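In case you want the letters, here they are:
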Amino acid sequence: AFVDGSPWLSIREGLDMLQQKGHEVVVVAPEVSVHIKPSKNFVMKMYSVPFTQEDMDNAFKTFFQITFEDGSFLERYFKVLEAMKRFTDFGLSSCEHLLQ
């Protein structure tokens, strides 16, 4: 099982190399993901999560809108903090559902 985001992007090349050397690679991933997508280089096992791709996409849109909006530093800081908490909640929920 891999965490979405930069850890996935970092290990992806290594997985491709393992497959090229004849290893069978199995990736366990949530059904909703930003970067983890099916590939011919590995078998993908998906598990359900209690949020949708639309939920995640909206969270990213909100985060980027907050980053570039006007307002005081303090206002933006707390909005960004709340948006980051939402991403953390997605990750925590995803890990909990993997273990179930």
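Residues numbered from 1 in each chain as written. Predicted model: local features only at pLDDT ≥ 70, side-chain atom pairs only at ≥ 80, totals over all residues. Heavy atoms only, no water.

- You'll find the protein entered in an unreviewed UniProt entry as UD11 glucuronosyltransferase, with Prunella fulvescens given as the organism.

### So, the packing of helix α2 (residues 53-68) against helix α3 (residues 73-99)
1) Next: Look at α2 against α3: their axes get within 10 Å of each other, and the N-to-C directions meet at 160 degrees. In terms of axis orientation, α2 runs roughly antiparallel to α3. Viewed along their axes, α2 and α3 form a crossing whose handedness is left-handed. Residue-level inspection shows Asp 55, Met 56, Ala 59, Phe 60, Phe 63, Ile 66 and Thr 67 of α2 in contact with α3, the latter providing Arg 76, Lys 79, Val 80, Ala 83, Met 84, Arg 86, Phe 87 and Phe 90.
2) Next: Classifying every residue of the contact of α2 with α3 gives 10 nonpolar, 1 polar and 4 charged. (Axes fitted to C-alpha atoms, helices over the stretch in contact; angles between N-to-C directions. Helix = DSSP H or I, 4+ residues; strand = E, 2+ residues; numbered from the N terminus. Parallel < 35°, antiparallel > 145°, perpendicular 65-115°, else oblique. Left-handed = near helix turned anticlockwise from the far one by under 90°. Contact = heavy atoms within 4.5 Å. Nonpolar A, V, L, I, M, F, W, Y, C, P; charged D, E, K, R; others polar.)

### Re the nonpolar core
1) Next: Listed in full, the 8 residues of the largest apolar core are Trp 8, Leu 15, Val 25, Val 27, Ala 29, Ile 36, Phe 42 and Met 44.
2) Next: Mapped onto this core, the elements with two or more residues apiece are α1 (6-20) and β1 (26-30).
3) Next: One finds Val 49, Phe 51, Ala 59 and Phe 90 within the second-largest nonpolar core, a separate group that totals 7 residues. (Core = buried A, V, L, I, M, F, W, Y, C linked by side-chain atoms within 4.5 Å. Buried < 20%, exposed > 50% of the residue type's maximum accessible area, 1.4 Å probe, protein only.)

### Some points on a nonpolar patch on the surface
1) Next: On the surface, Phe 73, Leu 74, Tyr 77, Phe 78 and Leu 81 cluster together into a nonpolar patch covering about 560 Å² of accessible area.
2) Next: Assignment of secondary structure puts Tyr 77 in helix α3.
3) Next: With relative accessibility at 41%, the residue Tyr 77 sits in the partly exposed group. (Patch = residues over 30% accessible without salt bridge, like charges linked within 9 Å, V, L, I, M, F, W, Y side chains within 5 Å. Areas by Shrake-Rupley, 256 points an atom, 1.4 Å probe, with all protein chains shown as cover. Salt bridge = Lys/Arg side-chain N within 4 Å of Asp/Glu carboxyl O.)

### Focus on the packing of aromatic side chains
To describe a pair of aromatic rings, you give the distance between the ring centres and the angle between the ring planes.
1) Next: Enumeration according to the criterion identifies 7 aromatic pairs in this entry.
2) Next: Summarising the aromatic geometry, the rings of Phe 60 and Phe 87 are spaced 4.6 Å apart at their centres and angled 40 degrees between planes, so their arrangement reads as tilted. Highlighted residues: Phe 60 in helix α2 and Phe 87 in helix α3, separated in sequence by 27 residues.
3) Next: For the pair Tyr 77 and Phe 78, a centre-to-centre distance of 5.3 Å together with 80 degrees between the ring planes defines the contact as edge-to-face. (Phe/Tyr/Trp six-rings, centres within 6.5 Å; stacked < 30°, edge-to-face > 60°.)

### A look at α2
1) Next: Its 16 residues place the ends of α2 23 Å apart at the C-alpha level, agreeing with the 22 Å of an ideal helix rising 1.5 Å per residue.
2) Next: Within α2 the residues assigned to the buried category are Met 56, Ala 59, Phe 63 and Ile 66. Seen from one end, α2 has its buried residues packed into an arc of 90 degrees, which puts them on one side. Within α2, the exposed residues directed more than 90 degrees away from the buried face are Glu 54, Lys 61, Gln 65 and Phe 68.
3) Next: For α2, the elements touching its buried residues are α3. (Expected span 1.5 Å × (residues − 1). Arc of directions from axis to C-beta.)

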